[in-house]
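Working through the structure, step by step
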Amino acid sequence: MNKKIIEIKNLTKIFSGFKALNGINLEVEKGEIVGLLGPNGAGKTTTLKILMGLLKPTEGSIKIMGEKIKKQLPTWLKNKIGVVFEESNLYLRLNAIDNLKLFAGINNVNQSKIKELLAEYHLEAAAKREIRTFSKGMKKRLMICRSLIAEPEILILDEATGGLDPISAEIIQQKVLALKKQGKTVILSTHYLEEAAHLCDRVAFINQGQVIAVDKPAAFKKGLKAKFLELNLTNENNLEKIIDDLNN
Ligand SMILES: Nc1ncnc2c1ncn2[C@@H]1O[C@H](COP(=O)(O)OP(=O)(O)OP(=O)(O)O)[C@@H](O)[C@H]1O
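This section reports on the structure supplied with the text. What you see is a predicted model; the values in this text were computed from it and never measured. (Residues numbered from 1 in each chain as written. Predicted model: local features only at pLDDT ≥ 70, side-chain atom pairs only at ≥ 80, totals over all residues. Heavy atoms only, no water.)

Digging into the packing of aromatic side chains
To be explicit about the condition: Aromatic rings from Phe, Tyr and Trp, with only the six-membered ring used for Trp, were paired whenever their centres fell within 6.5 Å, and each pair was classed as stacked if the ring planes differed by under 30 degrees, edge-to-face if by over 60, and tilted otherwise. The rule for a charge over a ring is simple: NZ of Lys or CZ of Arg within 6 Å of the ring centre, and within 35 degrees of the ring normal.
In total, this model carries zero aromatic pairs according to the counting rule given. The lysine or arginine in question, arginine 146, covers the ring of phenylalanine 103, its NZ or CZ lying 5.1 Å from the ring centre. Positioned over the ring face of tyrosine 121 is lysine 175, at 5.0 Å from the centre of the ring.

Side note on the sheet that holds strand β9 (residues 202–207)
The following threshold applies: DSSP-based pairing: two strands are paired if at least 2 bridges between them are found. The helix count covers DSSP runs of H or I at least four residues long, the strand count covers runs of E at least two residues long, and both are numbered beginning at the N terminus. Between the N-to-C directions of two axes lies an angle of 0 to 180 degrees, each axis being a line fitted to C-alpha atoms and, for a helix, fitted only over the stretch in contact.
Pairing within the open sheet is mixed, and its six strands lie in the order β6-β7-β8-β3-β9-β10. Whereas interior strands pair on both sides, the edge strands pair on one side only; in this sheet they are β6 (81–84) and β10 (210–215). Pairwise comparison of adjacent strand axes, ignoring direction, gives a mean angle of 15° for this sheet. Relative to strand β8 (residues 185–190), strand β7 (residues 154–158) runs parallel, the two sharing five bridges. Its bridge partner being in β8, leucine 155 is matched across the sheet by valine 186.

A look at the pattern of salt bridges
What counts here: The rule for a salt bridge is simple: a side-chain nitrogen of Lys or Arg has to be within 4 Å of a carboxyl oxygen of Asp or Glu. Relative accessibility under 20% of the residue-type maximum defines a buried residue, over 50% an exposed one, and the middle range a partly exposed one, all with a 1.4 Å probe and only protein chains included.
Applying the stated criterion to the full structure yields eight salt bridges. Of the charged contacts, one joins glutamate 27 and lysine 4 as a salt bridge, the two residues approaching to 3.6 Å between their closest N and O atoms. Taken together, the residues glutamate 27 in strand β2 (residues 18–29) and lysine 4 in strand β1 (residues 4–15) connect sequence positions 23 residues apart. Relative accessible area serves as the criterion here: at 32%, glutamate 27 is assigned to the partly exposed category. With a relative accessible area of 31%, lysine 4 lands in the partly exposed category. Close ionic contact of lysine 175 with glutamate 120 constitutes a salt bridge, the shortest N to O distance being 3.9 Å. With a gap of 55 residues between them, lysine 175 in helix α6 (residues 166–181) and glutamate 120 in helix α4 (residues 114–120) connect regions that are remote in the sequence. For lysine 175, a relative accessible area of 17% translates into the label buried. On the basis of relative accessibility, which here comes to 34%, the residue glutamate 120 falls in the partly exposed class.

Topic: the site of the ligand
To keep things clear, this is the line we draw: We define proximity as follows: a residue is near a molecule or strand when any one of its heavy atoms falls within 4 Å of that partner. What qualifies as a polar contact is a pair of N or O atoms within 3.5 Å, subject to a donor-acceptor requirement within protein and to the restriction that residues adjacent in sequence count only when both atoms come from side chains. Per-residue accessibility takes into account occlusion by the displayed protein chains alone, with areas from the Shrake-Rupley method and a 1.4 Å probe.
Close contacts around the ligand come from 14 residues, with Asn40, Gly41, Thr45, Thr46 and His191 the closest. Between threonine 45 and the ligand, the recorded distance is 2.7 Å, taken from a side-chain N or O atom to an oxygen atom. Histidine 191 places a polar side-chain atom, nitrogen or oxygen, 2.6 Å from an oxygen atom of the ligand. Contact with the protein chains removes 62% of the 640 Å² of surface that the ligand exposes when unbound.

Focus on helix α5 (residues 136–148)
For clarity, the threshold we go by: Helix span, expected: 1.5 Å multiplied by one less than the number of residues in the helix.
End to end, α5 covers 19 Å across 13 residues, agreeing with the expected 18 Å (1.5 Å per residue, within 8%). The buried count for α5 comes to 11 of 13 residues, which makes it a mostly enclosed element. Of all the positions in α5, only Gly137, Met138, Lys140, Arg141, Leu142, Met143, Ile144, Cys145, Arg146, Ser147 and Leu148 are classed as buried.

Things to note about the packing of helix α3 (residues 96–106) against α5
Counted only if it meets this: Oblique is the label for any angle not covered by the other classes, which are roughly parallel (under 35 degrees), roughly antiparallel (over 145) and roughly perpendicular (65 to 115). A crossing counts as left-handed when the near helix is turned anticlockwise from the far one by less than a right angle, and as right-handed when that turn is clockwise. We call two residues in contact whenever any of their non-hydrogen atoms come within 4.5 Å of each other. Classification convention: Asp, Glu, Lys, Arg as charged; Ala, Val, Leu, Ile, Met, Phe, Trp, Tyr, Cys, Pro as nonpolar; all other residues, Gly among them, as polar.
Between α3 and α5, the least distance of the axes is 10 Å, while the angle of their chain directions is 30°. By the angle between their axes, α3 is roughly parallel relative to α5. Seen along the crossing, α3 lies across α5 with a hand that is right-handed. Along its contact with α3, which presents Ala96, Leu100 and Phe103, the element α5 presents Leu142, Cys145 and Arg146. A per-class count over the contact of α3 with α5 returns five nonpolar, no polar and one charged.

Brief notes about the nonpolar core
Cut-off, in case you're wondering: What we call a nonpolar core is a set of buried Ala, Val, Leu, Ile, Met, Phe, Trp, Tyr and Cys residues that are connected through their side-chain atoms within 4.5 Å. All domain edges in this entry derive from an automatic or database-based domain assignment.
Among the nonpolar cores identified, the biggest contains 73 residues, and Leu51, Ile64, Leu118, Leu142, Ile156 and Ile187 are the most heavily contacted of them. The biggest single contributor to this core is α5, with six residues. Each of domain 1 (4–80 + 152–247) and domain 2 (90–151) contributes no fewer than three residues to this core. With residues near it in sequence (within four places) discarded, isoleucine 187 still touches Ile6, Leu26, Val28, Val34, Leu36, Leu48, Leu51, Leu155, Ile156 and Leu157.

Geometric values such as these leave the question of function open.
As C-alpha cells, this is what we get:
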C-alpha cells in the first residue's frame, strides 16, 4: 500500500517575475508530522497555500491522498484537509460558537463536534464571547478547532505558535502531538528548530524557495550542538549559494 499522503514534485511559483518557489520536492507519509523550517521569505507559506488550494503553482505537481491536484482542491478532498493560517481569518464580531457554526455550515459538515472541540481546547468558558476579545493564543486554539470540525485526515498549520507566549505555544504543541496519536498527518511551518525538534518526525529545511535538506530533527540538532551542521542536500547544484545563505 502506498503510504505517501502528500507528494510535492518540482513545485515552482513565480509572483510577477519573482521566483518564490524554485522546485520544491517533498513527500509526506500518512501519520507523519513534517515541519517546514526556514527563514522569513523562504517559501514556507507559499508552499502551504498551494497545498491548501489557495494558490496555483506556476509549475510542478501535487498529489494529495493519491489525487493529482489540477486547479482547486476537489470537494471530497476539501473536508479531508484542515488548515490553520498564519493570520486569523475568524469573524471578529461573532462569538466562538457562531464562528464554528458558520464554518460548519459553509462547508456542509456536521456541527455535532463543536461543543466537544471548544471544551477540549479550553475555550468552553469563552464560547459566547466575541472573537475580538480573544487573546492571540485563544484565536489560534479556535482556528485549530475550526480546522478539526470536518474531522480531516491532514492538518496544515502555518506558524501555529508564531507570536504566542511559551505556555500558549506548549498547549498547541501538545494538541498537535495528540492529533498525531489519532493518526492524523500534519504538515506545519515554523521558524523554530526547537519547536520542529519537539513536534516533527522529519524536517524540511527550506531556503530561497528550495528544500535544501530533509532529515529527522535530531540530525539538525546534533549538527548545531557540535557547532557544525551536516546537511544531506537534495540538490547539490547550488552548493556555494547555500553555504553563502547559511553564512548570512
Ligand atoms: N502574493 C505575493 N506576491 C508577491 N510576492 C509574494 C507573494 N506572496 C509571497 N511572496 C514572496 O514570496 C517569498 C516567499 O514568501 P512566503 O510567505 O512563502 O515565505 P515564508 O517562508 O512563509 O516567510 P515567513 O516565515 O516570513 O512567513 C517572499 O519573498 C514573499 O515576499
